[in-house]
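Commentary on secondary and tertiary structure
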Amino acid sequence: MKFTKKVLHNGLRVVTIPMKDNPTVTVLVLVEAGSKYETKEINGLSHFLEHMCFKGTTKRPKAIDISKELDALGSQYNAFTAQEYTGYYAKSDARHFHQIFDVVTDIYLNSIFPEAEMQKEKGVIIEEINMYEDMPNRHVQDLMMKLLYGDTPAGWNIAGEKKNILRMKRGDFVAYKKAHYLPEATTIVVSGRIKESEVMKKVNKIFGNIPRGKKAQKLEVKETQIKPGVLVKFKKTDQTHFVLGVRSFDLFDKKNAVLAVLAGVLGGGMSSRLFQKLREEMGVGYYVRAYNDAYTDHGFFQVSAGVDNKRIYEVVRAVLEECNKLRTKEVSFEELNKVKECLIGNMKLTLEASDDIANFYGGQELLKKEMKNPEKKAEEIRKVTAREIKSLANYIFKNAKLNLALIGPFKDKNKFSKILKF
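Things to note about the overall build of the protein
Of regular secondary structure, the protein possesses 16 helices and eleven strands. In terms of overall dimensions, the protein is globule-like: its C-alpha atoms have a radius of gyration of 23 Å, near the 22 Å expected for 422 residues. Principal axes of the C-alpha set define a box for the protein whose edges measure 60 × 45 × 35 Å. Relative to its full complement of 422 residues, the protein shows a buried share of 54%.

See below:
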């Protein structure tokens with residue numbers, strides 16, 4: 001799949017991925033602004049601002065003006081906030097490209113942050129926080145970040161704290177956007193049935209005269225763990241949801257392909273070791289996953305699952321045992337090939353739609369300033385050896401690097417601390 005990248009004089013990056021056989025087009029605007037760029041006092045502002053961008057612009061002064069126009073096109077549209085970036089997108093029939101481009105870029109550039117809408121949206125965001133806290137399989141991920149990174153931007157909740165949300169003012173949004181929503185921190189991605197010349201004509205018209213600014217930077221993550229960590233949150237649940245995590249590598253590390261295969265061995269598919277162990281053999285839970293979560297300056301590898309409350313200690317020991325097996329014995333040739341083809345096949349299945357393609361290339365460009373096509377990524381996966389997996393397992397699976405976060409009907413973390421070792 002071919003793509004092109006152009007950089008305007010002000011630093012704005014434009015990625016175009018033509019898909020002549022796809023009937024849709026996606027316009028995605030990504031900006032380096034997320035919870036890691038916040039201070040403690042304004043934690044949650046990146047996410048709140050994302051909400052407010054849909055509440056009216058100079059051209060479309062009311063929220064209904066935006067939603068009605070996009071709905072009339074049969075468009076799918078939304079936005080999202082992460083630790084290191086925020087994204088705004090719309091997807092529609094390819095013939096509506098010009099209109100959805102105008103709407104998405106208007107939202108990004110010209111939001112007016114109406115005071116009345118801001119006060120109402122505070123309640124919406126607080127209920128969103130409540131929703132996630134009522135979803136233990138989701139909220140336990142927040143606890144893992146808190147356990148790993150403590151009271152630093154990497155450890156804070158992306159949605160922020162409720163007290164922060166309630167005291168935010170319109171001026172906070174204006175100042176934050178001025179500091180972060182700059183052309184040199186922005187990537188525009190257009191994928192689908194579109195020509196690059198059409199994209200660049202629109203981009204130059206709307207963004208060409210916007211001056212470069214001075215982007216505010218985020219606080220760098222520093223790894224300091226010297227002993228295992230446990231965080232237990234008591235909640236009367238029918239299941240215990242846990243994340244077992246170890247520190248790994250950032251987005252730029254060459255070992256990420258090996259980590260992907262290692263994760264596939266443990267939790268990639270229904271034939272993976274942990275799925276077979278926890279679900280088919282022990283019958284203790286419905287889901288189990290393993291993957292590496294990588295950022296620009298840190299990363300961690302995790303196993304997560306929801307299991308029978310009465311058997312949580314047994315399950316944690318079983319997961320540790322499976323991880324330990326990777327340290328002591330090389331993966332067989334047959335299993336290694338199965339996992340590689342599973343990973344490659346799943347990657348390709350997730351890249352069928354124009355919005356998936358936009359996210360695939362846009363995320364790489366925004367954070368890494370470079371892009372690899374699916375064929376290149378598949379090639380890297382196929383090169384991974386059993387010896388590399390064993391060596392990497394020995395490096396990351398160490399007692400001092402172990403971390404366990406869980407939500408369930410438990411108050412004593414000491415019992416978990418005692419079993420958290422290989």
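Here we look at the packing of aromatic side chains
Throughout the structure, instances matching the rule amount to 18 aromatic pairs. Arranged with centres 6.1 Å apart and planes meeting at 50°, the rings of F397 and F422 form a pair that is tilted. Highlighted residues: F397 in the loop between α15 (386-396) and β11 (403-408) and F422 in the segment after α16 (414-419), separated in sequence by 25 residues. Classification of F422 by relative accessible area gives partly exposed; the value is 26%. In textbook terms, an aromatic cluster arises when at least three aromatic residues are bridged by ring pairs, as seen for F54, Y88, Y108, Y181 and F207. Positioned over the ring face of Y132 is R138, at 4.2 Å from the centre of the ring. Sitting over the face of the ring of Y395, K401 holds its NZ or CZ atom 3.8 Å from the ring centroid.

What about helix α1 (residues 45-52)?
With eight of its eight residues buried, α1 lies for the most part within the structure. Three or more residues of α1 are buried, namely L45, S46, H47, F48, L49, E50, H51 and M52. Buried residues along α1 sit in contact with β4 (76-81), β5 (86-93), α4 (115-133), α6 (162-167) and α7 (170-180).

Considering the side chain of E335
You can see E335 is positioned in helix α12 (residues 333-349). Sequence-distant contacts of E335, that is, excluding residues within four places in its chain, are made with V265 and R273.

Details of the pairing of strand β10 (residues 299-308)
Of all ten residues in β10, nine are buried, a share of seventy percent or more. Direction of pairing for strand β9 (residues 285-294) relative to β10: antiparallel, over a ladder of eight bridges. Within the sheet, the bridge partner assigned to Y291 lies in β10 and is Q302.

Here we look at the environment of M282
On the secondary structure map, M282 appears in the loop between α10 (273-281) and β9. Separated by 33 residues in the primary sequence, M282 and V315 place their C-alpha atoms 8.7 Å from one another. With residues near it in sequence (within four places) discarded, M282 still touches K277, R311, E314, V315 and A318.

A closer look at the sheet that holds β10
Read across the open sheet, the five strands follow the order β7-β11-β8-β10-β9; overall the sheet is mixed. Across the chains shown, the open sheet's two edge strands, defined by having one partner strand only, are β7 (229-234) and β9. The sheet shows a mean angle of 10° between the axes of neighbouring strands, taken without regard to direction. Here helix α11 (residues 312-328) sits on the sheet in contact with β8 (239-247), β10 and β11, set at roughly 30° to β8.

Regarding α11
For α11, built from 17 residues, the straight-helix expectation of 24 Å at 1.5 Å per residue is met to within 8% by its first-to-last C-alpha distance of 25 Å. Considered for burial, the residues of α11 that qualify are I312, V315, V316, A318, V319, L320, E322, C323 and L326.

A look at the packing of helix α9 (residues 256-267) against α15
Interhelical geometry of α9 versus α15 gives an angle of 90° and a closest axis separation of 10 Å. In terms of orientation, α9 and α15 fall into the roughly perpendicular class. Counted together, V258, L259, V261 and L262 of α9 and E388, I389, L392, A393 and I396 of α15 form the full contact between these two elements. Looking at side-chain class alone, the contact of α9 with α15 contains eight nonpolar, no polar and one charged residues.

With respect to the packing of helix α3 (residues 97-110) against helix α8 (residues 196-207)
Interhelical geometry of α3 versus α8 gives an angle of 30° and a closest axis separation of 11 Å. Between α3 and α8, the angle falls in the class roughly parallel. Our pair here, α3 against α8, has a crossing hand that is right-handed. Listed contacts from α8 to F97, H98, F101, D102, T105, Y108 and L109 of α3 are E198, V199, K202, V203, I206 and F207. Split into classes, the residues belonging to the contact of α3 with α8 amount to eight nonpolar, two polar and three charged.

What about the nonpolar core?
One finds F242, L262, L266, L278, F301, V319 and F397 to be the most contacted residues of the largest nonpolar core, which totals 69 residues. Beyond its immediate sequence surroundings of up to four residues, L266 is in contact with S272, R273, L274, F275, A290, F301, E322, C323, L326 and F397. Core analysis: the second largest hydrophobic core is formed by 47 residues, F54, L70, I125 and Y176 among them.

A closer look at the pattern of salt bridges
Within the structure shown, the criterion is met by 28 salt bridges. Through salt bridges with shared partners, a single network forms among K5, R13, E32, E365 and K369.

Here is what the cut-offs are and how they apply
- In every chain, residue numbers begin from 1 and rise along the written sequence.
- Totals for whole chains, interfaces and linings use all residues, but because this is a predicted model, local features are given only for residues with pLDDT of at least 70 and pairs of side-chain atoms are given and counted only at 80 or more.
- As a rule here, side-chain values cover all heavy atoms of the structure and leave hydrogens and water aside.
- Helix and strand assignments come from DSSP, with helices taken as H or I runs of at least 4 residues and strands as E runs of at least 2, each series counted from the N terminus.
- Radius of gyration here uses only the C-alpha atoms, and the compact-globule reference equals 2.2 Å multiplied by the residue count raised to the power 0.38.
- We call a residue buried when its accessible area falls under 20% of the maximum for its residue type, exposed when it is over 50%, and partly exposed in between, using a 1.4 Å probe and counting protein chains only.
- Working definition: a ring pair exists when centres of Phe, Tyr or Trp rings (six-membered ring for Trp) sit within 6.5 Å. Plane angles under 30 degrees give stacked, over 60 give edge-to-face, the rest tilted.
- Counted as over-ring charges are cases with an Arg CZ or a Lys NZ within 6 Å of the ring centre that also lie within 35 degrees of the ring normal.
- By definition, residues are in contact when any of their heavy atoms lie within 4.5 Å.
- Pairing between strands requires that DSSP locate at least two bridges from one strand to the other.
- Angles run from 0 to 180 degrees between N-to-C directions of axes, and those axes are lines fitted to C-alpha atoms, restricted for helices to the stretch in contact.
- A helix's residues, less one, multiplied by 1.5 Å, set its expected span.
- When an angle is under 35 degrees it counts as roughly parallel; over 145 it counts as roughly antiparallel; between 65 and 115 it counts as roughly perpendicular; any other value is oblique.
- Residues are grouped as follows: nonpolar covers Ala, Val, Leu, Ile, Met, Phe, Trp, Tyr, Cys and Pro; charged covers Asp, Glu, Lys and Arg; every other residue, Gly included, is treated as polar.
- Two helices crossing with the near one rotated counterclockwise from the far one by less than a right angle form a left-handed crossing, whereas a clockwise rotation gives a right-handed crossing.
- We call a set of buried Ala, Val, Leu, Ile, Met, Phe, Trp, Tyr and Cys residues a nonpolar core when their side-chain atoms join them within 4.5 Å.
- The working definition used for a salt bridge is a side-chain nitrogen of Lys or Arg within 4 Å of a carboxyl oxygen of Asp or Glu.

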